[in-house]
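Each chain is listed here by its residues.
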Amino acid sequence: MSAGAAAEVDRSLVDSSLVDRVRATLVAEGSDPTPARVAAALRGEQRVLGQAEVLAVVTVLRSELAGTGVLEPLLRLPGVTDVLVNGASQVWVDTGAGLTRTRVRFAGEAEVRRLAVRLATTAGRRLDDANPYVDVRLRDGTRLHAVLPPVSPGGTCLSLRIPSRRDFSLEDLVEAGSVSERGALWLQAIVEARLAFVVSGGTGSGKTTLLSCLLSLASPDERLLLVEDSGELRPDHRHVVRLEARPPNVEGVGEITLRDLVRQALRMRPDRLVVGEVRGAEVADLLAALNTGHEGGCGTVHANSAADVPARLEALGLAAGLRRDALHSQLAAGLDAVIHLERDLTGRRTVREVCVLVRGGDGLVVAEPALVLEGDRVALGAGEPLLRARLARGHRRTDDTVGPR
């Protein structure tokens, strides 16, 4: 039986109006939905139910008042990465092979809204008509985004991004076909040479997973400072220090931004400064750090292709107050490589290319392909000699034998 079907079977044992009345009683009393309390509330309704029906009410109320309601079974599916709710009647799930519509349904719009508001509240955020959208991280690491009507006229929308339940290694990615063995050797060489790099790709392409794998290859003697909006990086490394941003509270104060944390991290003696996702003004401080002796810095950035990365960072830099020429100068001097990931129509995530950033005659930086990965084949691009030279510099070597042959 599917998870969605299991959720429906539980609800089929009781009617929604009875659940609503029992819920109201428990909330008024401040009681937890234990079997004893639910049975007492049912007696107050002058209803005599069998044990299976009482347990069904308990299950429904516990999931609504303490869990994620009818979504709970979906969040427990192996390999699940996203659960998306488009109003009461559409629930989609991604378990690694693309989005699939499930049989899970909410009783109505009120139930979806109630779940969204409660989840936001547990994360210390306000979600109501005055603040109709929210983006927070829940206690278990799940990322929640919610939008209420009328901003979403079709009903309350929930987007739940579930963190990986296992730690992957680069060998695991090779086994899964995300990168070839030869491609993995190049990636390992980039880390060992302490090159500064960003992992680029679209949403759900596997950027965080790949970066975690690469950080696990860093020397155990290095101190890794991870700066993230929400803690998603999980490198297998013995010396990791984590800093996480904080949104403003319900009064609109207390915010700590990624840019604040990048500045703090630079004072904490990092051997590698890592920004989980570069998406704002923190790009200015990261580039400044990469140009002042902080080798091996890295992060992820949203981009449709490696060629788009300079333009993407330029847009972020301009928003941070950096002039265009200054930003491209820092890119050319501080960022050594771009590792780009793609996700195909089947949901498979693969490393597609490695580029180096070079400065053209107009002073602007462009991404020059060094390696193009197609299955087990690694084609060498025009930027390969420069990449090999940078690897040699990192290894303090002067010959041309650095890097996989």
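This structure is a prediction, so every number in the text was calculated from the model and none was measured. (Residues numbered from 1 in each chain as written. Predicted model: local features only at pLDDT ≥ 70, side-chain atom pairs only at ≥ 80, totals over all residues. Heavy atoms only, no water.)

Here's the deal with the overall build of the protein
How we decide: Comment: elements are numbered from the N terminus, with helices defined as DSSP H or I runs of at least four residues and strands as E runs of at least two. Only protein chains enter the accessibility calculation, which uses a 1.4 Å probe. A residue is then buried if its area is under 20% of the maximum for its type, exposed if over 50%, and partly exposed in between. Residues count as neighbours in contact if any of their non-hydrogen atoms are within 4.5 Å of one another. Computed by Shrake-Rupley with a 1.4 Å probe, the accessible areas treat only the displayed protein chains as cover when residues are assessed.
Of the regular secondary structure elements, the protein holds 14 helices and 15 strands. Put simply, the protein has 405 residues, and 47% of those count as buried. Contacts in the protein between residues far apart in sequence, at least 24 positions, make up 53% of those at least 6 positions apart. Accessible area for the protein stands at about 18900 Å²; split by element, carbon and sulfur atoms hold 51% of it.

Comments concerning the pattern of salt bridges
Formally: Take a side-chain nitrogen of Lys or Arg and a carboxyl oxygen of Asp or Glu: if they are within 4 Å of each other, that pair is a salt bridge.
Going through the model one piece at a time under the given rule, you end up with 23 salt bridges. In this structure, arginine 113 and aspartate 129 form a salt bridge, with 2.9 Å as the shortest nitrogen-oxygen distance. Highlighted residues: arginine 113 in helix H6 (residues 109-122) and aspartate 129 in the loop between H6 and strand E4 (133-137), separated in sequence by 16 residues. Arginine 113 gets classed as partly exposed once you look at its relative accessible area, which sits at 26%. Residue class for aspartate 129 comes out exposed when judged on its relative accessible area of 59%. Salt bridges here are not isolated pairs; linked through shared partners, they connect Asp135, Arg143, Asp229 and Arg279.

Notes on the packing of helix H10 (residues 258-265) against helix H11 (residues 282-290)
So the rule is basically this: Whenever a helix is involved, its axis is fitted only over the stretch in contact; in every case the axis is a line through C-alpha atoms, and angles between N-to-C directions fall within 0 to 180 degrees. Throughout, the term roughly parallel applies to angles under 35 degrees, roughly antiparallel to angles over 145, roughly perpendicular to angles from 65 to 115, and oblique to all others. Crossing handedness follows the turn of the near helix against the far one: under a right angle anticlockwise gives a left-handed crossing, and clockwise gives a right-handed one. Under the convention adopted here, Pro, Cys and the residues Ala, Val, Leu, Ile, Met, Phe, Trp and Tyr are nonpolar, Asp, Glu, Lys and Arg are charged, and Gly plus all remaining residues are polar.
It is the contact of H10 with H11, at a shortest axis distance of 8 Å, that shows an interaxial angle of 20 degrees. Between H10 and H11, the crossing angle belongs to the class labelled roughly parallel. Here H10 and H11 pass one another in a crossing that is left-handed. For the pair formed by H10 and H11, the contact residues are Leu258, Arg259, Val262 and Arg263 on the first element and Glu282, Ala284, Asp285 and Leu286 on the second. Residues that form the contact of H10 with H11 fall into these classes: four nonpolar, no polar and four charged.

Any link to function would need more than the numbers given here.
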